[in-house]
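# Per-entry structural report
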Amino acid sequence: MTTTPAAGLSAENVSKRFGAVHALQDVTLHFPPGQVTALMGENGAGKSTLLRILTGDHRPTQGQVLLDGTPLSLASPIDARRAGIRIIPQEPEIIPHVSVAENVYAGSLPRRAGRRLDRAELRRRITADLARLGFAKVLDPDLPGSRLTAAQRQLVEILRAFTGGTPPRAIAFDEPTSSLSEHETEALFTLIGRLRDQGVAVVYVSHRMKEIFRLADRIAVLRDGRVAGVVEASATTEAEVVRLMVGRDLAGLFARQEVATEHVVLDVKGLTTDDVRDVTLQVRAGEVVALAGLIGAGRSELALALAGDTPIRSGTVTLDGRRLDLRSPRDAIAAGIGLAPEERKAQALFLHRTVRDNTALVSLRRLRRRRFVSKSRERALAQEFADRLRVRAPSVETEVHALSGGNQQKVVLARWLARRPALLILDEPTRGVDIGAKAEIYQIIADLAREGVAVLVVSSELPEVLGLADRVLVLQNGRITGELGRSEASEEAILALAMADDLTAAPQGGAGTDTPTTATGAAR
Amino acid sequence: MSATTAPSTRRPPSGTGPEPTRRGPRALLASIGGQNVGLLGALVVVIALFGSLDPNFLGWDNIRVIGEAATIAGLLAVVQTVVIICGGLDISVGSQAGLASVVSAMVFTATGSSAPLGIGAALLAGAAVGLLNGVVIIHGRVNPTIATLAGLAAYKGLAQLVSDGRAQGYVLGDPVFVFLSRGRIAGLPTMVWILALVAVAVHVLLTYTDIGRNIYALGGNDTAARLAGINLNKYLISAYALTGTVAALAGVLLTARTGSGQPVSGSEGLELQSITAAALGGCALKGGKGTVGGTLLAVALLGALQNGLTVQGINTFWQNVAQGLLLVAAVVIQQRRNRGRAVGLPA
Amino acid sequence: MSATTAPSTRRPPSGTGPEPTRRGPRALLASIGGQNVGLLGALVVVIALFGSLDPNFLGWDNIRVIGEAATIAGLLAVVQTVVIICGGLDISVGSQAGLASVVSAMVFTATGSSAPLGIGAALLAGAAVGLLNGVVIIHGRVNPTIATLAGLAAYKGLAQLVSDGRAQGYVLGDPVFVFLSRGRIAGLPTMVWILALVAVAVHVLLTYTDIGRNIYALGGNDTAARLAGINLNKYLISAYALTGTVAALAGVLLTARTGSGQPVSGSEGLELQSITAAALGGCALKGGKGTVGGTLLAVALLGALQNGLTVQGINTFWQNVAQGLLLVAAVVIQQRRNRGRAVGLPA
Amino acid sequence: SSGQAPSGSSGDVHTVAGKMSLTYLQKQGDQEYFIGEAAGAKAKAAELGVDLKVVNLGNDANKTVSEVQSAIAQKSNGLIVVVPDPAVGPQVVQAARDAKVALLTSDDQICTTGPAPASCAKGDLVPRIGFSGAQMGGEVGKRAAQEYAKAGWNAADTRTVSAWKQDVTVCGDRVKAAKAAFAASAGAAVQNIDVATDNTPTGAQDKVAATITANPGVKHWVVWGCNDENVQGGVTALQNAGVGPNDIIGVGLGAYLACKDWQSGKPSGMKAALFINGKDVGALAVQTMYDRLKSGKDFPAEAFAPTRMVDATSWRTAGVSCG
Ligand SMILES: Nc1ncnc2c1ncn2[C@@H]1O[C@H](COP(=O)(O)OP(=O)(O)OP(=O)(O)O)[C@@H](O)[C@H]1O
Ligand SMILES: Nc1ncnc2c1ncn2[C@@H]1O[C@H](COP(=O)(O)OP(=O)(O)OP(=O)(O)O)[C@@H](O)[C@H]1O
Ligand SMILES: [Mg+2]
Ligand SMILES: [Mg+2]
């Protein structure tokens, strides 16, 4: 296969070790130009590591990277960039105190003679690019990076990939849609299609099967750091890909029975914060309620408000019949509310602490005697959840920064699943989690519900919403625009409610700088 | 709430968005004070207070004195700002200045009183030492704090070794040095002009060039910058080299002011002063944030305060207490204005 | 295909086997040195070098001397470690120690030579000052660097004010103070025991209690800690109060060593020494990382180095250079071992 | 104006008719001796009805220039300075001369024309009140030699320790003088050990302790240094190392810490100390400046306040105040 120098990007006999961990072993893969090659595999299979090697961010322990048949000396990302290779990393990297515009063009800011920054040109470019890519409505170019939501951060990364001067030769997307909703995902696919037509070699990593089959020409599967197989997308099925990934068939689709009781655990009335207006909702014991909506609809804000971290301007929150005065997350946790937040790195993880530490943090009260924490009980707890969620790490004593993205996400979930609060709020719980583990997570959520826990799930992945929820509340613009029971809920129905405003009401604040109509175009 | 820009998107009304460019008269205010209202307020209070207690305080003569006294620390604070924005720190600036001071005087003497050679040698030495800092930090992978702490000791030792620990030479027979130390241009001391020039240059670099924006980027998030193809190493090493060079300039001015090359006296403690000014001026020690304007405001505030306290004949002990209190007060006011988070770490 | 383990279970082959902490000799090594191999190596080199140059260096007497000399800075380094893990910094520790030194001697004298009252008053004063630091930082939302820089000046001024800038009292007529300064238990100086006790207590706190977990958590990621329900404010304020108390203990030892309450002399510069030791010992100045063991190792290294250079009669100038070089060398070795990132910011 | 005009006289200075304002600029203003000096100066100023400001210069030569300029901008009529480093002298002289302000120095000398007072023509020295470093060091060395002779020690198993902060020029001068005086009057060649300290008691203690390690065979020790802190730290280190008070001759400089040992009534290695009364110097300096500005009386080239060598028996009567 590798004898003829092929056009496109290839990895040849690449191995990568991190201490004792073999992240990649003898991987040989070819990414031809003008094609989208999907890279799949379980969490920790080595996908991100391979992409990092292709883009010069990691140095392989062995092997080499070739572009159009010539070996590249990828001493640094700068060399890779010069060679025309780009990456959208799994974790969006945002520069905090700098505007969205500068974030997007960092490293290639427009300039006039003498390295003078051309602010007018910068403004023109960002406005044009936002309009062209259809993100004008969801991204304010003047916002500083520190104030972006997870989805907005991901959009910035995507913009970076599509806005360089010359089109790249090869481009790698590492789970670009993990916190995007349908609408933006659709826009992204159009863009990727355009790249493919321009002859760019596209590498696409995702755990969303539907996307893969929509987008990919070929599917390469990694398992335990080795190539498990490369197949043509048109000639394979989901089941086969899953088999390649996990080495076995997965049990049938997850199906949940309703176990909701009459007991109302969470009762929210007229809750208003800076971004959420007049929200009234109830979650009963044993019930799983999903919050759906587009980017910026206010779901995460609502979740944070219930967790005590966003000031509540008016309205009441009642838990198990007790009215709560939520002034900090401590109050919420003490009352029995747990939130697994949306952004694992920024809001949840202690990267330089172990899996054990990270898992046990909110359960320490249970694990300590006097104030001394029993390490063995702590370890047992962490081990239990690491096993159940299939966390792939050398041991629970591994520091979290050495875990793959999906495995980090599992650690965040483990922390809150282990605590078993009365009300469990999960914001995008399966971001970046592989199919096998997803099923396991759904199962745990179902188990918790059966034990009487009330669960509130925020998710942008509609299949997840549909599969998991007893009831779906749709938010738009900070308000609840509709409620769908299990039987009424469908992707179309949810989307219709999520974009109700765009279809009916006239847009507010016409003085806005940039509101081209592309955004509504997706409402087919 | 305020009618700045009609928020077509759903930005929260409590939006404190201080950051990117605004236009009109507010832009001017923003560029001078903006988030530095606390500092500006403190400066006004200090000036009003000491001015009313002693009219000489506001006299042209005294303002000149304040300016001259603040120049050396001010120069270092300006470059410290750059290094801090980069996410680094340079604790060795004082020692670098001391080394440069000695070198300038010794080369001056050795070359038969050639001021250009003395000054040139000092600047070269400063650049070299700064470069060394950068190389140790980047290629030795030593944390900037430790590396420059080591530099603090090592360069001081070096300055003492070459000078045998004593003041060197005497430069005030030379018109160049006399001009540096006592000259005036348009009524302002030469020293103050030098500070102004360096500050403006660095400000322009940071604000109006892509180099400057890259510096903010790499200080704010080094991974993002690396992936964006910014050559971090080059920038960081250059930042330290720049710092070394400007520290050397400060050393030359030290020589000019004191009349001879001082290995330690006059440069010890400058690191703390420069970091104080930068931090007070709004630099985040984590990097990615800070402005030359803010730093200069802090330099002015500290300078005016120190001078005022001395003018009032307040003894050192009270001066220390007063300085501590004012430092805290200025920041508290600032924080109240910017409405920092109520719960949790204030940083 | 290597034949590791046939993955019959769903657990991946490199999966999370229950493999807990290592046992046996490796565990010991890991707990002492572990990632501090660079330091350990440097310590061995220093000891071997100076020991071979002068066998007395390794004598029991000299080891005692090193221990005593390192105690005061060591105490401060231990608490500095806690503050740095919290993501803070305390630049005022030296001034706090000076203040406590003066208070201990003055209260001792005023109460007709009551050592318990003198010491108690000093510790109380230290706790109060530490608390004040914490409150200013948390409730005033002042950046820790600035707040404690302000404290550096203010508490020094306070110490000078209450003492009128002079050494106060004479305590070495009192057996308690004599015991603190010259006493021995089991052959080791009292001072060294005190350091050991404090270090062990803090180590236990950090490693074995939930308080310690929470401290590492809030320093590592304050947002995440807040969302995990940790009361950041309480922890941070407590950390500063602890620091104040231990700094006061250091001040009491200072009084015992010098025989009188010293407002400034002997405590100035301790902040830099303690930060140096903590940083060299592996504390990340961003917070969330560091160990008491690493810090103590660094204290020992710096103490041995300083003593060795003096034993060899090397003058200050060379001492400075040597210290700088060693500091860098230790960290470079460490980084090479830990294989830091090659490109970009090394932090 | 390049300021090369010789003469330390302040010929241009006019007398002051109204309220007189003076500035006393001191190096190391938070050190005990200088605090006393400031107190003496203030008391005298109050007595004379003069407005006096005291400024602490630390060890900062640069700050010296700033503060001199500031004082001039504040319309001070006369400046009394103790410079942290004599090299800054010409700058100070120049500034005062340009502003036609009277200039007097105390404690340390400065030269009008160059950085080194030692190589300065007599006429170019600025008038001074105080003690000379060399003179103080000389007295310390002489007393140490007397004590040494009295103790009857053998030169072979005796060492002298000179402890000082090596980058402080005036410290170097004192220690050099002490060595010379000791050598001249001890009648035996005793080997000397230089110990670099930071001029604090704990710093000196740690460094001298290490020095003892390096010299295990030595039985008798003679200690002097830049100030009382150094000597007291050194003596404490020796006593902690088990050297008996009778095997130590510590000769302090300042007496403010030595007196604490003597006050306790226990035998001490601190055998004597040169009592230099800062109060007297401060008061004399202000008086001299006052006379110059009020009545045009010329400065004397040099005026000395009395110093006294004190010991455990004589310190109280000499007026040493022990806090
Ligand atoms: N910096 C590192 N240090 C140590 N081990 C690492 C490091 N980065 C990755 N690994 C390990 O390498 C293996 C592959 O990780 P990688 O991030 O490539 O997985 P992935 O396929 O991208 O998974 P995911 O779907 O969860 O993102 C994992 O076992 C991970 O723990
Ligand atoms: N830290 C912040 N600073 C400024 N604005 C914010 C911040 N966080 C959220 N917002 C704004 O609040 C609104 C609600 O955001 P929220 O994150 O709750 O939406 P969401 O429905 O969870 O969508 P997403 O998919 O983006 O997470 C958005 O308009 C967003 O721009
Ligand atoms: Mg990945
Ligand atoms: Mg969200």
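Scoring rules and cut-offs
Residues numbered from 1 in each chain as written. Chains lettered and ligands numbered in written order. Predicted model: local features only at pLDDT ≥ 70, side-chain atom pairs only at ≥ 80, totals over all residues. Heavy atoms only, no water. UniProt positions renumbered as here; feature names shortened; annotations may be inferred. Helix = DSSP H or I, 4+ residues; strand = E, 2+ residues; numbered from the N terminus. Near = heavy atom within 4 Å. Polar contact = N/O pair within 3.5 Å; in protein donor to acceptor, adjacent residues only side chain to side chain. Nonpolar A, V, L, I, M, F, W, Y, C, P; charged D, E, K, R; others polar. Domains from an automatic or database assignment. Salt bridge = Lys/Arg side-chain N within 4 Å of Asp/Glu carboxyl O. Buried < 20%, exposed > 50% of the residue type's maximum accessible area, 1.4 Å probe, protein only. Donors = N, O, S within 2.8 Å, 3.2 Å for Na, K, Ca; no water. Contact = heavy atoms within 4.5 Å. Buried area = accessible area lost by both parts, 1.4 Å probe.

Per an unreviewed UniProt entry, the recorded name for chain B is Ribose transport system permease protein, and the organism is Streptomyces nymphaeiformis. Under the UniProt heading Subcellular location (unreviewed entry), the entry covering chain B gives this text: "Cell membrane".

## Notes on the UniProt feature "transmembrane region" (unreviewed entry) in chain B
Here the UniProt-annotated "transmembrane region" (unreviewed entry) positions come out as residues 27–53, 65–86, 117–138, 185–206 and 235–256 of chain B. Taken end to end, residues 117–138 of chain B is 100% helix and 0% strand, and its two terminal C-alpha atoms sit 31 Å from one another.

## So, the site of ligand 1
Residues and elements named next belong to chain A. Close to ligand 1 lie 21 residues, the nearest being S48, T49, A402, S404 and G406. Contact between ligand 1 and S404: an oxygen atom at 2.6 Å from a side-chain N or O atom of the residue. Mapped by element, the contributors of at least two residues to the shell around ligand 1 are β2 (21–31), α1 (47–54) and α15 (405–419). Each residue belonging to the shell around ligand 1 can be placed in one class, and the counts come to 6 nonpolar, 11 polar and 4 charged. Here the shell around ligand 1 gathers at least three residues from each of two domains, domain 1 (9–92 + 149–246) and domain 4 (344–420).

## Topic: the pattern of salt bridges
A full pass over the atoms with the stated rule returns 60 salt bridges over all chains. For the salt bridge of R124(A) with E121(A), the shortest nitrogen-to-oxygen distance reads 3.0 Å. Of this pair, R124(A) and E121(A) are both found in helix α4 (residues 119–133), 3 residues apart, which corresponds to roughly one turn of the helix. Linking D309(A) and R226(C) is a salt bridge whose minimum nitrogen-to-oxygen distance equals 2.9 Å. Taken together, the residues D309(A) in the loop between α9 (299–306) and β16 (314–319) and R226(C) in helix α10 (residues 222–227) connect one chain to another. Exposure class is identical for D309(A) and R226(C). Each is buried. What emerges from the salt-bridge pattern is a single network uniting R353(A), R356(A), D357(A), E378(A), R379(A), E397(A) and R213(C).

## Some details on the coordination of the magnesium ion (ligand 3)
Residues and elements named next belong to chain A. For the magnesium ion (ligand 3), the full set of protein donor atoms is S48 (OG) and Q90 (OE1), at a range of 1.9 to 2.2 Å. On the criterion of sequence distance, the pair formed by S48 in helix α1 and Q90 in the loop between β6 (85–88) and α3 (100–105) is long-range, its members being 42 residues apart. Exposure class is identical for S48 and Q90. Each is buried.

## Notes on the interface of chain B and chain C
At the interface, 51 residues of chain B touch 52 residues of chain C. Taken together, both faces of the contact between chain B and chain C bury some 4,900 Å²; the carbon and sulfur share is 71%. For the side of chain B that touches chain C, the secondary-structure elements that each account for two or more residues are α5 (115–139), α6 (144–163), α10 (222–227), α11 (232–258), α12 (270–280) and α14 (316–338) of chain B. A total of 13 residues in the side of chain B that touches chain C trace back to one element, the largest contributor, which is α6(B). Of the residues contributing to the side of chain B that touches chain C, the split by class is 30 nonpolar, 13 polar and 8 charged.

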